[in-house]
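# Report on the structure
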Amino acid sequence: MPAKKAADGNGTTARRTAANEVPAKKVAAKKTPAKKAGVPANAGGAGEKPESRTALVRRARRINRELAEIYPYAHPELDFENPFQLVVATVLSAQTTDLRVNQTTPALFAKYPTPEDLAAADPEEVEEILRPTGFFRAKTKSVMGLSKALVEEFGGEVPGRLEDLVKLPGVGRKTAFVVLGNAFGRPGITVDTHFQRLVRRWKWTEATDPDKIEAAVGALFPKSDWTMLSHHVIFHGRRICHARKPACGACPIAPICPAYGEGETDPEKAKKLLKYEKGGFPGQRLNPPRSYLDAGGRPAPPLGAG
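Residues numbered from 1 in each chain as written. Predicted model: local features only at pLDDT ≥ 70, side-chain atom pairs only at ≥ 80, totals over all residues. Heavy atoms only, no water.

Enumeration over the complete set of coordinates arrives at seven aromatic pairs. The interplanar angle of 50 degrees and the centroid separation of 5.1 Å between the aromatic rings of W202 and W204 together place this pair among those described as tilted. For the residue pair W202 and W204, the accessibility class agrees, reading buried in each case. In this structure, R239 is placed above the aromatic ring of F235, and the distance from its NZ or CZ to the ring centre is 3.8 Å. (Phe/Tyr/Trp six-rings, centres within 6.5 Å; stacked < 30°, edge-to-face > 60°. Buried < 20%, exposed > 50% of the residue type's maximum accessible area, 1.4 Å probe, protein only. Lys NZ or Arg CZ within 6 Å of the ring centre and 35° of its normal.)

Okay, structure coming up:
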């Protein structure tokens with residue numbers, strides 16, 4: 001068996017030091033993208049055949065293998081200790097950052113540690129705790145509603161089936177798969193905004209509907225890969241492949257990325273765009289996994305600190 005490549009403090013491999021040196025042929029190819037009627041977006045340049053299904057599968061899986069080396073510590077970025085905390089935190093993460101949720105839930109779970117407690121809470125007191133997450137009235141209604149449903153329909157336990165989870169107030173497929181994958185070890189694809197953006201940039205699918213994206217991407221990978229694939233893609237979207245200013249010049253997968261050049265290509269300027277542990281900044285979790293800390297990541301500060 002070949003020896004593993006040495007990893008640096010951020011979990012990347014030594015061979016990635018040249019990742020920013022994108023071949024000239026790749027940059028030139030960006031000048032003549034194929035945009036003919038009936039030609040898939042993942043087709044090659046003018047005169048080239050559209051990418052075959054087999055080639056797409058191989059390319060997608062190669063990107064995931066690369067991301068697994070870049071982020072061997074990838075994990076859900078919501079703090080939780082049990083399925084109940086995870087489902088509540090995921091519902092609260094809508095239209096806010098995981099960081100803000102992680103800074104808010106300690107007080108919530110200290111006061112209401114079980115579904116029974118939260119279901120019987122005073123809504124005004126819950127609203128006051130959840131105020132920092134935004135849309136706190138609607139979120140209070142959702143988390144109290146799902147807590148009541150857990151008590152009345154599932155004996156106070158979070159169900160481990162998709163069809164049951166999506167019946168809970170505020171829980172859709174995305175939230176359900178976060179819970180299934182990370183609390184129950186059951187494979188699922190989390191199609192959040194980062195995931196949607198990146199899989200389209202990589203031309204894994206042209207779909208815009210989350211359910212269609214989930215189906216299209218799921219068909220490219222074995223089920224066993226789905227949960228970690230989601231973490232890899234979301235980590236990359238948060239740290240390097242940003243929505244408005246992708247750090248192309250600091251991206252380790254630039255040589256195999258069909259969207260290279262959409263962002264900053266200068267290596268030094270691109271480095272300044274890196275976020276979280278890649279840029280030397282704290283992450284989103286107050287209590288991140290040990291593997292994240294060992295890779296150079298830092299815990300996020302509690303609410304009101306700094």
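It is worth spelling out the state of the cysteines at this point. One pass over the full model with this rule turns up zero disulfides. Cysteine C251 is unpaired, with the sulfur of C257 as its nearest cysteine sulfur at 6.2 Å. (Disulfide = S-S within 2.5 Å.)

We now examine the side chain of N102. Summarising the element assignment, N102 is placed in helix α4 (residues 98-111). Assessed through its relative accessible area of 0%, N102 is described here as buried. Residues contacting N102, with those up to four places away along its chain left out, are E77, L78, D79, Q284, R285 and L286. (Helix = DSSP H or I, 4+ residues; strand = E, 2+ residues; numbered from the N terminus. Contact = heavy atoms within 4.5 Å.)

Let us now look at empty space enclosed by the protein. One way to see where empty space is left: roll a probe the size of a water molecule over the atoms. On inspection of all chains with the given rule, the structure shows one cavity of 30 Å³ or more. Counted by class, the lining of the largest cavity contains 12 nonpolar, one polar and two charged residues. (1 Å grid on protein atoms, 1.4 Å probe; cavity = no way out; pocket = protein on both sides within 12 Å on 5 of 7 lines; lining within 4 Å. Points joined across faces, edges and corners; volume = space filled by probe spheres on them. Nonpolar A, V, L, I, M, F, W, Y, C, P; charged D, E, K, R; others polar.)

Quick look at the packing of helix α6 (residues 123-130) against helix α7 (residues 136-154) now. Where α6 contacts α7, the axes come no closer than 9 Å and their chain directions differ by 120 degrees. On the basis of the axis angle, α6 is oblique to α7. Between α6 and α7 the crossing geometry is right-handed. Here P123, V126, E127 and L130 of α6 lie close against α7, whose contacting residues are F136, R137, K139, T140, V143 and M144. In terms of residue class, the contact of α6 with α7 is built from six nonpolar, one polar and three charged. (Axes fitted to C-alpha atoms, helices over the stretch in contact; angles between N-to-C directions. Parallel < 35°, antiparallel > 145°, perpendicular 65-115°, else oblique. Left-handed = near helix turned anticlockwise from the far one by under 90°.)

What follows deals with the layout of surface pockets. Counted as a void, the second largest pocket has a volume near 700 Å³. Put simply, the parts of the chain that give the lining of the second largest pocket at least two residues each are α9 (173-183), α10 (193-201) and α12 (226-239).

One pass over the structure, following the stated rule, counts 15 salt bridges. For the salt bridge of D211 with R173, the shortest nitrogen-to-oxygen distance reads 3.8 Å. Separated by 38 residues along the polypeptide, D211 in helix α11 (residues 210-218) and R173 in helix α9 bring together distant segments of the chain. A relative accessible area of 44% places D211 in the partly exposed class. Overall, the relative accessible area of 33% leaves R173 in the partly exposed class. (Salt bridge = Lys/Arg side-chain N within 4 Å of Asp/Glu carboxyl O.)

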